[in-house]
Amino acid sequence: MERPTVGLYLVATPIGNREDITLRALRVLREVDWVAAEDTRHSGQLLKHFQISARLISYHEHNTAQRIPQILKYLAAGQSVALISDAGTPAISDPGEELVRACIQAGIPVIPVPGPVAAVAALAASGLATGRFVFEGFLPLKASQRQARLQQLAQEERTIVLYEAPHRLQQTLQDLLAHCGPERQIVLARELTKLHESFWRGSLAAALEHCAAQPPRGEFTLVLEGRSASQKDEETSPSEAEVRQELARLLAEGLPRSAASRQLAQRFQGSPLWTRRRLYDLSLQLEPPPGSDCSSAVELSSATDDETDS
Ligand code: SAM
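Quick look at the structure, then.

Conventions we followed
Residues numbered from 1 in each chain as written. Predicted model: local features only at pLDDT ≥ 70, side-chain atom pairs only at ≥ 80, totals over all residues. Heavy atoms only, no water. Phe/Tyr/Trp six-rings, centres within 6.5 Å; stacked < 30°, edge-to-face > 60°. Lys NZ or Arg CZ within 6 Å of the ring centre and 35° of its normal. Pairing = 2+ DSSP bridges. Helix = DSSP H or I, 4+ residues; strand = E, 2+ residues; numbered from the N terminus. Axes fitted to C-alpha atoms, helices over the stretch in contact; angles between N-to-C directions. Contact = heavy atoms within 4.5 Å. Core = buried A, V, L, I, M, F, W, Y, C linked by side-chain atoms within 4.5 Å. Buried < 20%, exposed > 50% of the residue type's maximum accessible area, 1.4 Å probe, protein only. Parallel < 35°, antiparallel > 145°, perpendicular 65-115°, else oblique. Left-handed = near helix turned anticlockwise from the far one by under 90°. Nonpolar A, V, L, I, M, F, W, Y, C, P; charged D, E, K, R; others polar.

If you walk through the whole model with that rule in mind, you get three aromatic pairs. These aromatic residues form a ring-pair network of at least three members: F135, F138 and Y163. If you follow R55 out to its NZ or CZ, it ends over the ring of W34, 4.3 Å from the centre.

On to the sheet that holds strand β7 (residues 159–164). The strands making up a sheet are joined through hydrogen bonds of the backbone, oriented either antiparallel or parallel. Across the sheet, five strands lie side by side as β6-β7-β10-β8-β9; this open sheet has mixed pairing. Each edge of the open sheet is held by one strand with a lone partner, namely β6 (133–137) and β9 (198–203). Direction aside, the axes of adjacent strands within the sheet are offset by 20° on average. Sheet topology note: the β7/strand β10 (residues 220–224) ladder contains five bridges and is antiparallel. Each residue of the ladder has a partner; that of V161, found in β10, is V223. Those strands touched by helix α5 (residues 118–126) are β6, β7, β8 (185–190), β9 and β10, and its axis lies near 50° from that of β10. With respect to the sheet, helix α8 (residues 204–213) is in contact with β8, β9 and β10, its orientation differing from that of β9 by roughly 130°.

In terms of nonpolar packing, the biggest core is built from 21 residues, with L173, L176, I186, L188 and L222 touching the most fellow members. Every element with two or more residues in this core is listed here: α6 (143–155), β7, α7 (169–180), β8, α8 and β10. The contact partners of L222, leaving out residues within four places of it in the chain, are I160, V161, L162, E164, L169, T172, L176, I186, V187 and L188. A25, A37, L46 and I84 belong to the second-largest nonpolar core, a separate cluster that totals 18 residues.

Quick look at the packing of helix α10 (residues 240–252) against helix α11 (residues 257–267) now. Two numbers describe a pair of packed helices, the interaxial angle and the distance between the axes. In contact at an axis separation of 9 Å, α10 and α11 are set at 135° when each is read in the N-to-C sense. As summarised for this structure, α10 and α11 are arranged oblique, according to the angle between their axes. The handedness of the crossing between α10 and α11 is right-handed. Contact with α10, carried on its side by V243, E246, L247, R249, L250 and L251, involves R257, A260, S261, Q263, L264 and R267 of α11 and no other residues of that element. A breakdown of the residues in the contact of α10 with α11 according to their chemical character gives six nonpolar, two polar and four charged.

In short, the description is geometric, and any link to function would need to be established separately.
This is the structure in structure tokens:
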């Protein structure tokens, strides 16, 4: 049998359901000389389940400094290493990134063996826009960094995927609500691929109520709607009260309704909410200025004839 390429294999393992292991993952785990695992006891059980006897070494965030040179030595000696994490794809919110970089720098092949990723499973089933998305992983815990990140995320137009521990879920939902507003849609993907898999879909405000009524248990991936064009329009557009005031002022100056709406539509060009048509309709609700005859049929037709922006 041909000897497989010597290198670092990044082997994805199930995030819950063991049937999600791939045939290739099983073969690679059988063939490599070493399996570097985040938690050797946990991964030992997975390997035992699939009757794989592998030489295990631990590789986790607290021993990278000593393990990286050791793993590079194995690889340089022509021995292959598979990296696995507790669940899902190594190096995705899991240790691995540093080892991958060290291998690349040493000219050692890095070979992905793709499979489960909680972020992608949650996104795909979320029902939110999947065409463009950002993976945020865990939000920083340090207050200043967290605030800065939340501010950035509030402006993000792409769908956002986050990981969160169950005991921090409520705090994170509160922070997201404070920055993105109560109406922003979110999907709580819980216990993916496991017995109690569930998807809760709704607004951030309703998600908080849901979590208060049913304290979060299990593993969660959050999929947050991006800031939509309509939300942006609402935020940047002048309010109806402000627009009414401006219209009233122009009418009081003696401008006919059509001219006043045209002038304001030009001023609010960046705001698709305030079209000339809508401004004109609003002006009809205002008291006509004393002495003017604003409701004349001539003026109404002049406002609608050359209407192009509604
Ligand atoms: N490397 C993993 C992957 O590829 O998805 C992610 C590891 S990260 C340390 C663990 C986080 O992933 C959890 O806190 C949770 O947010 C998410 N997660 C992992 N398994 C999950 C599952 N079965 N259902 C929902 N979220 C999950």
